[in-house]
Amino acid sequence: MTVRKARPAARLLMIDPDGNILLFCFDAGKGSPFWATPGGACDPGEPYEEAARREMMEETGWSLDPGPEVAQRSVEFTTLEREEVWADERYFLVRVPNQMLSTDGHTELERRVMQSHRWWSLAELKVTEDVIFPADILEMLNVSVTNTPK
């Protein structure tokens, strides 16, 4: 039996004015590339909302209100650094003013594994064969975007 480390994490559903969502392409060279929302692990003792704000600044350069927590999920996986984790992920909906972002705040690991970013339309997400995390992002977005005022 694998013993997994607890990994609380804040993830960001960042939506531009046209309804597109920001995803980063991750590739550590040890498996297939995949796309995922911005965000990451909480620092020890860090509340989810503060982690969402910190991760947003580090990964996109935006200092915005992380918005409401709109989803939560628990998932087991192996990180890109080969650590077995059980993640309690909290998702925050953030409406951004445009698609301009800065990756200047990326950590060394992020610079190594986050190969690119892209703004995806819901239509593109429906038909892509690329691996997207979370796998249920369309359902998450449907509920989050339709129930949250602009």
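Look up a bit, the structure's there.
All of these numbers come straight from a predicted model, not from anything done at the bench.

As a further point, take the overall build of the protein chain. When you go through the protein chain residue by residue, the secondary structure sums to four helices and eight strands. When the helices and strands of the protein chain are placed in sequence order, the string is β-β-β-β-α-β-β-α-β-α-β-α. Computed over its C-alpha atoms, the radius of gyration of the protein chain comes to 15 Å, within 12% of the 15 Å expected for a compact globule of 150 residues. Overall, the protein chain is about 45 × 35 × 30 Å in size when its C-alpha atoms are taken along their principal axes. Summed over its atoms, the accessible surface of the protein chain is roughly 8,300 Å², and 51% of this surface lies on carbon and sulfur atoms. Across the protein chain, the mean location of the 16 positive side-chain charges is 1 Å away from that of the 26 negative side-chain charges.

With an omega of 0°, the peptide bond running from phenylalanine 133 to proline 134 counts as cis. By the element assignment, proline 134 lies in the loop between strand E8 (132-133) and helix H4 (137-146).

What follows is about the environment of proline 38. Structurally, proline 38 can be placed in the loop between strand E3 (34-36) and strand E4 (39-41). Note on proline 38: relative accessible area 0%, which makes it buried. Distance from proline 38 to leucine 80, taken between C-alpha atoms, is 15 Å for residues 42 residues apart in sequence. Excluding residues within four positions of it along the chain, proline 38 makes contact with Ala10, Arg11, Leu12, Met14, Leu22, Phe24 and Glu59.

Per the stated rule, a full pass over the model turns up 12 salt bridges. Linking glutamate 55 and arginine 54 is a salt bridge whose minimum nitrogen-to-oxygen distance equals 3.0 Å. Residue glutamate 55 shares its accessibility class with arginine 54, and that shared class is buried. When the shortest N-O distance is used, the salt bridge between arginine 90 and glutamate 69 registers 3.7 Å. In this pair, arginine 90 is assigned in strand E6 (residues 84-95) and glutamate 69 in strand E5 (residues 69-78), connecting sequence segments 21 residues apart. It is possible to trace a salt-bridge network through shared partners that takes in Asp43, Glu46, Arg54, Glu55 and Glu58.

What follows is about the pairing of E5. Bridge analysis of E5 against E6 gives nine bridges, and the strand direction is antiparallel. By the bridge assignment for E6, glutamine 72 is matched with arginine 90. Counted along the chain from E5 to the antiparallel partner E6, the turn is five residues long, and its residue arginine 82 has a positive phi close to 70°.

This part is about the nonpolar core. Counting residues in each nonpolar core, the largest one holds 20 residues, and the members touching the most others are Leu12, Met14 and Phe26. Mapped by element, the contributors of at least two residues to this core are strand E1 (5-15), strand E2 (21-26), E3, helix H1 (48-60), E6 and strand E7 (114-120). The element best represented in this core is H1, accounting for four residues. Those residues in contact with leucine 12 that sit more than four places away from it in its chain are Thr37, Pro38, Ala52, Glu55, Met56, Phe92 and Val94. The next biggest cluster of nonpolar side chains, apart from the first, holds 15 residues, and it includes Ile21, Tyr91, Ile137 and Met140.

Quick notes on the rules
Residues numbered from 1 in each chain as written. Predicted model: local features only at pLDDT ≥ 70, side-chain atom pairs only at ≥ 80, totals over all residues. Heavy atoms only, no water. Helix = DSSP H or I, 4+ residues; strand = E, 2+ residues; numbered from the N terminus. Rg over C-alpha atoms; globule rule 2.2 N^0.38 Å. Areas by Shrake-Rupley, 256 points an atom, 1.4 Å probe, with all protein chains shown as cover. Lys, Arg positive; Asp, Glu negative; His and termini not counted. Charge placed at Lys NZ, Arg CZ, Asp CG, Glu CD. Buried < 20%, exposed > 50% of the residue type's maximum accessible area, 1.4 Å probe, protein only. Contact = heavy atoms within 4.5 Å. Salt bridge = Lys/Arg side-chain N within 4 Å of Asp/Glu carboxyl O. Pairing = 2+ DSSP bridges. Core = buried A, V, L, I, M, F, W, Y, C linked by side-chain atoms within 4.5 Å.

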